[in-house]
Structures are given as structure tokens and as C-alpha cells.
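The primary structure of each chain is shown beneath.
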Amino acid sequence: MRAARAALALALVVAFSFACADPLSCVYSDPPIDVVMAHNFNASFLQTLANNPEENFSLFSATLIGIFPSVEGRVPADAGTYQILWTWGENYSTIVHVTDRVEGSGGCADVNDGDFSIYDIAYSFKIKVDNETINWTDAAPTEVPYFNLSLGQERMERYNATEKMEVTLEYNVTYTYIEEHLTCVYFWSTEESNSSNLSYYVENGNVTFFTARPVLGEQWYRNNHFDNLVFSNKRMYKSEIYLDGAKVGEAHVLNFSIYNDTYGAWFINSSRDENYTNTTMGEHEIIYSPIPMIHNNESFRYLYEENYSYSGIGRHNLTLVLTDDFNRTYNYSKELLSRAAGAQEAAEEGVDYAYARPTYEKPEESLTQVIIPTGALAVIFIVVLASTWWGMTGAKRI
């Protein structure tokens, strides 16, 4: 299975090389997640800590490199299973000279000096998320090219795009040495324990659309707009506008590139791109809480403004499609009515009277006279007088 995966990864990288001779020098219009994943999990490239001159450790050391899929320190909440890339190195001796006091077994006398040979190595690795153990293994590091991290939807809903998920690797490695003297056996152990951690923002929550113009879904046909505000916890890099099912506009605000670290792993970086066709798209990164617009109290990290103008009269279906950095799409559709200002304008412009806004006719003002009989006035006077008296005498009683 692992060999098949490596072969598939290599095939993807080779296939991509025909389109881009050097993936690290290319500019990508879409996030190159598949390219990065294919490279990173063909683990033969990975440089170990022991081979990195910048590392300095004794016995054993391990470090987390990255969590994938990810873009610039962010992960999607709906990935299901994440893959955690790591690297490690060992620097133990097969023979150690021990000067500590070592107890003998089976009635043998203790020894204070001797050369011990490696006998056993016991590994223990834990992956924790926010200090909760999610994955554990005692396999040798050569058998663990990466860790799988499976997190369900219920857990991932704890985060929003303004909070980080902290992932920690805790490890403990025990080296046991042995020395044999005739019928006596001596064991001596030493261990290495440490941890490494990474933290990522989790892009989670809703994408909320609000049509700013026309707010009521009706507008003058000479000034048609489909202008929207989009509140999101997911960063968007492009948008598309469809008018009655036909694509009529698009905006591209981010490009992507790949860079590598000292161990050879690849990561995705982004840069601004201002590429607009018949529409504009602006991004504002801050925390928003548009409470009156939604049923539940929820905050958002990004606000997008998407503006589009078009011509035509009558009813039209407008659709806005946004794509986030993990290639998830979010659709929003609205039927808008474009009308002439009135029957006269419709006639002058030769447009359909059915789409002419009705002319408002102010109703004639009239004064309605109500005659109250004299007897009724007397009754009203008595009721008011009695109420006043009751209130005054009640105050005295209190």
C-alpha cells in the first residue's frame, strides 16, 4: 500500500513537471495542494535531523514539520484526516562505558564499572491536540513516515478562523544496554524525552451572503447591480459571476507559490493578484460580528465586497461563486427584477410595459367627520371625573 502511494505521488510530480519545469519557481493561479501533498508524502526526499548540520542533539530528537493540507498556517475544518509530516534523528552508541552503580541479577554482586552493549530500544510517540491524546504508537520511527490525525466534525466545530489548533508530538525513547559476566547479567538504561509542537488556524463556520444592492431585489434597469457583502471564516482567492446561467465575470485576488524548508518539505505561500473581468472583489481581514443578519451570534474573520453591474430589463438570475484556498466552492443565487421607472419611460424606450414600475397615485385627502351625541359626551365626562376622584381618594387611603 505504501509503495503504491509513493508510486502515485511520484507519477503526479512527474506529470506536473511537463507543465512546470521547476515547481519552486512557478506562479500558480490555483492553490497547488495536490502537488505539495504528492511531494511531501513521497518521504524518500526527507532529510533527517541527524543529517542536518544545524541540529545538535544527543541520543534521539524529533520535530514536527507541517500539517497537510494547509496553506500559510491554516487548515480546513472539513479535511477529516490530516497528515503530519515529521523528521527525527538518533545519535546513540552501540557500546557505552558505564561508571554508575549497576545492580546485579540472580544474586550477582553489583558492578561500578563496565562496557555495556545495546540490547533494546523502546519508542513511544503521542500526538496530542490541545493537550488531548489523539494518536499513539510504539513503532520504530523508520516505520512511521508520517502521522495520521483524524478529527471529527464535532471536534473541529470548536474552532473558528480566529483560534489556533495546537498539535504536539511527545516522545520518549529508552535505550537498554546489557553486560554479561559468566552467569551474571547486568542491565543499564537511559532515555530521551521531549516534545515538538505546531499551531494552525482552523477555517471553520459559515459563509454568509448579503446583497447590498439592490437590497429589496428590485432596481432601475438603467443602473443594474449585483453587489454583495460576504462574511466568511474561510479565505477566498477567486470569484465568478453568472447571469442567467452564463459566466459573465470573474475576479482573481491571489496567486500561489511553493517554497521548501531545510528538510526538503514543500509549503504553499500566496501573493496578491488584481485580476478582474467585469467585476471587482475586495478583501478586508478583521473580526466582524453582524449579529442582526443571522440567527446565532457568530463572528467572522474576512469580509469580501463583490460588485457587478449589468444591463437588461426583466427578471434575471444572478449567481456568485466563491472558491477558498482549499478549493471548496460556495454558491449564492438571487433573482433580481429590473424595471423601467414608469409607463412613460417604458413607452419612450420601447421596453415591455409588464416591467414598468406602477406610477404612484396619491389618494385624495378627505376629512372624516364624526358626530358624537350630547348624551355620549355626558357619559364620557362622568367617567373621566369618576376616575380622577377615585385616584385622589385612593392616594389618601394609602
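What counts, and where the lines are drawn
- Along every chain, residues carry numbers that run from 1 in the direction the sequence is written.
- Confidence filtering applies because this is a predicted model: local features only for residues at pLDDT of at least 70, side-chain atom pairs given and counted only at 80 or more, and all residues used for totals across whole chains, interfaces and linings.
- Neither water nor hydrogens contribute to the side-chain values; these are computed over all heavy atoms in the structure.
- Numbered from the N terminus, helices here are DSSP runs of H or I no shorter than four residues, and strands are runs of E no shorter than two.
- Whether two residues touch is decided by their heavy atoms; if any such pair falls within 4.5 Å, the residues are in contact.
- For every accessible area listed, the method is Shrake-Rupley and the probe measures 1.4 Å; residues are considered covered only by the protein chains on display.
- Here, a disulfide means two cysteine sulfur atoms that sit within 2.5 Å of each other.
- The cut-offs for exposure are 20% and 50% of the maximum accessible area for each residue type, with area from a 1.4 Å probe on protein chains only; residues under the lower value are buried, those over the upper are exposed, and the others partly exposed.
- Strands qualify as paired when DSSP identifies two bridges or more between them.
- The method works on a 1 Å grid over the protein atoms by themselves. A cavity is a set of points holding a 1.4 Å probe that cannot get out, a pocket is an open set with protein on both sides within 12 Å along at least five of seven lines, and residues with an atom within 4 Å of a point line them.
- Grid points are joined across faces, edges and corners, and a volume is the space filled by probe spheres set on the points.
- A pair of aromatic rings is counted whenever rings of Phe, Tyr or Trp (Trp by its six-membered ring) have centres within 6.5 Å, and the orientation is called stacked for planes under 30 degrees apart, edge-to-face for over 60 and tilted otherwise.
- Axis definition: a line fitted to C-alpha atoms, limited for helices to the stretch in contact. Angles are taken between N-to-C directions and run from 0 to 180 degrees.
- Should a side-chain nitrogen of Lys or Arg be within 4 Å of a carboxyl oxygen of Asp or Glu, the pair is scored as a salt bridge.

Participant: Give me the lowdown on the overall build of the protein chain, citing residues and values where you can.
Facilitator: On a plain count of helices and strands, the protein chain comes out with five helices and 20 strands. Taking the intrachain contacts of the protein chain between residues at least 6 apart in sequence as the baseline, contacts between residues at least 24 apart amount to 65%. Carbon together with sulfur atoms contributes 52% to the accessible area of the protein chain, which is approximately 22500 Å² in total.

Participant: So what about unusual backbone geometry? Which residues, and what values?
Facilitator: Negative phi is the rule for most residues except glycine; trans is the rule for most peptide bonds. Note the cis peptide between Phe68 and Pro69, where omega equals 5°. Turning to its location among the elements, Pro69 is positioned in the loop between β1 (59-68) and β2 (74-76). Here the amide bond leading from Arg213 into Pro214 is cis, since omega sits at -5°, within 30 degrees of zero. Position of Pro214 among the secondary structure elements: in the loop between β10 (207-213) and β11 (218-220).

Participant: Go over the state of the cysteines, please, and point to the residues and values.
Facilitator: Applying the stated rule across the entire model yields one disulfide. A sulfur-sulfur separation of 1.9 Å characterises the disulfide bridge that pairs Cys108 with Cys184. Measuring handedness by torsion sign, the sulfur bridge of Cys108 and Cys184 sits at about -90° and is left-handed. With Cys108 in the loop between β4 (95-98) and β5 (114-129) and Cys184 in strand β9 (residues 184-203), the pair connects residues that are 76 residues apart, well separated along the chain. Exposure class is identical for Cys108 and Cys184. Each is buried.

Participant: Before we move on, could you go through the pairing of strand β14 (residues 236-243) and cite the residues and values that matter?
Facilitator: Across the eight residues that make up β14, a large majority, six, are buried. Where β14 lies against strand β19 (residues 314-324), seven bridges are found, and the strand directions are antiparallel. What sits directly across from Ser239, in β19, is Leu322. Connecting β14 to the next strand, strand β15 (residues 246-260), in antiparallel fashion are two residues, including Asp244 with a positive phi near 55°.

Participant: Mind laying out the layout of surface pockets, listing which residues take part and the relevant values?
Facilitator: In this structure, the largest pocket occupies an estimated 350 Å³ of space. Lining of the largest pocket is provided by 24 residues; of these, Ala77, Glu203, Asn204, Gly205 and Lys234 occupy positions nearest its centre.

Participant: Describe the packing of aromatic side chains, with residues and values.
Facilitator: Centre distance and the angle of the planes are the two values used to describe a pair of aromatic rings. The full count for this structure, using the stated rule, is 21 aromatic pairs. When the centroid spacing of 5.8 Å and the interplanar angle of 50° are considered together, the rings of Tyr177 and Trp188 count as tilted. Of this pair, Tyr177 sits in strand β8 (residues 164-181) while Trp188 is found in strand β9, placing the two residues 11 residues apart along the sequence. A residue is classified by how much of its surface remains accessible, and Tyr177, at 1% relative accessible area, is buried.

Participant: An account of the sheet that holds β14 is needed here, citing residue identities and associated values.
Facilitator: What the six strands build is an open sheet, ordered β11-β20-β19-β14-β15-β16; its pairing is mixed. Sheet topology places β11 and β16 (266-277) at the edges, where each strand pairs with a single neighbour. Looking at each pair of strands side by side, their axes are set apart by 30° on average, direction ignored.

Participant: Tell me about the pattern of salt bridges, and name the residues and values.
Facilitator: Scanning all chains against the criterion turns up 18 salt bridges. In this structure, the salt-bridge partner of Asp78 is Arg328, at a minimum N-O distance of 2.9 Å. Of this pair, Asp78 sits in the loop between β2 and β3 (81-91) while Arg328 sits in the loop between β19 and β20 (329-339), and the two are 250 residues apart along the sequence. Salt-bridge contacts for Glu283 lead to Arg272; the nearest nitrogen and oxygen are separated by 3.9 Å. Of this pair, Glu283 sits in strand β17 (residues 279-288) while Arg272 sits in strand β16, and the two are 11 residues apart along the sequence. One network of salt bridges, in which partners are shared, links Glu72, Arg74, Glu203, Arg235 and Asp325.

Participant: Describe the environment of Val98, listing the residues and the values that go with them.
Facilitator: Tracing the backbone through its elements, the reader meets Val98 in strand β4. Take Val98: its relative accessible area is 3%, and that puts it in the buried class. Remark: the alpha-carbon pair of Val98 and Asp113, spanning 15 residues in sequence, is separated by 5.6 Å. Beyond its immediate stretch of four places on either side in the chain, Val98 contacts Asn112, Asp113, Gly114, Phe116 and Trp188.

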